[in-house]
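Residue-level structural notes
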Amino acid sequence: MARMRKKADLPTKTCAHCQKPFAWRKKWERVWDEVRYCSDRCRTEAKRSG
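I will try to describe carefully the structure that is included in this document. Numbers given for residues are sequential positions, taken from 1 along each chain in its written order. Confidence filtering applies because this is a predicted model: local features only for residues at pLDDT of at least 70, side-chain atom pairs given and counted only at 80 or more, and all residues used for totals across whole chains, interfaces and linings. Calculation of side-chain values draws on the structure's entire complement of heavy atoms; hydrogens and water are dropped beforehand.

1. Digging into the nonpolar core
Which entries qualify depends on this criterion: In plain words, nonpolar cores are sets of buried Ala, Val, Leu, Ile, Met, Phe, Trp, Tyr and Cys residues tied together by side-chain atoms within 4.5 Å. For each residue, the accessible area found with a 1.4 Å probe, counting protein chains only, is set against the maximum for its type, and the residue is called buried under 20%, exposed over 50%, and partly exposed in between. By definition, residues are in contact when any of their heavy atoms lie within 4.5 Å.
One finds Cys15, Phe22, Trp28, Trp32, Val35, Tyr37, Cys38, Cys42 and Ala46 forming the largest nonpolar core, which totals 9 residues. Look past the residues within four positions of Val35 in its chain and what remains in contact with it is Lys13, Phe22 and Trp28.

Shown next as structure tokens:
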């Protein structure tokens, strides 16, 4: 079994809407290159504002 990684060792990105850093999540494993927003809220707010 694979060893656990520390959160500080995970890749991070900056949210395109709120400009805050967010870390990699297991559910984004296959689409990490396409992820732009830290949450559903930021994604909908970005689409709403333009």
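2. With respect to the pattern of salt bridges
What counts here: Counted as salt bridges are all cases of a side-chain nitrogen of Lys or Arg within 4 Å of a carboxyl oxygen of Asp or Glu. Strands here mean DSSP runs of E at least two residues long; helices mean DSSP runs of H or I at least four residues long; both are numbered from the N terminus.
Summed over all chains, the structure comprises 3 salt bridges. With a shortest N-O distance of 3.0 Å, Lys26 and Glu29 are connected by a salt bridge. When its relative accessible area of 58% is taken as the criterion, Lys26 is described as exposed. Taking the relative accessible area as the measure of exposure, Glu29 reaches 44% and is therefore partly exposed. The partner of Asp40 in a salt bridge is Arg43, and the shortest N-O contact between them spans 2.5 Å. Of this pair, Asp40 and Arg43 both sit in helix 1 (residues 40-49), 3 residues apart, which is roughly one turn of the helix. Taking relative accessible area as the criterion, Arg43 reaches 34% and is therefore assigned partly exposed.

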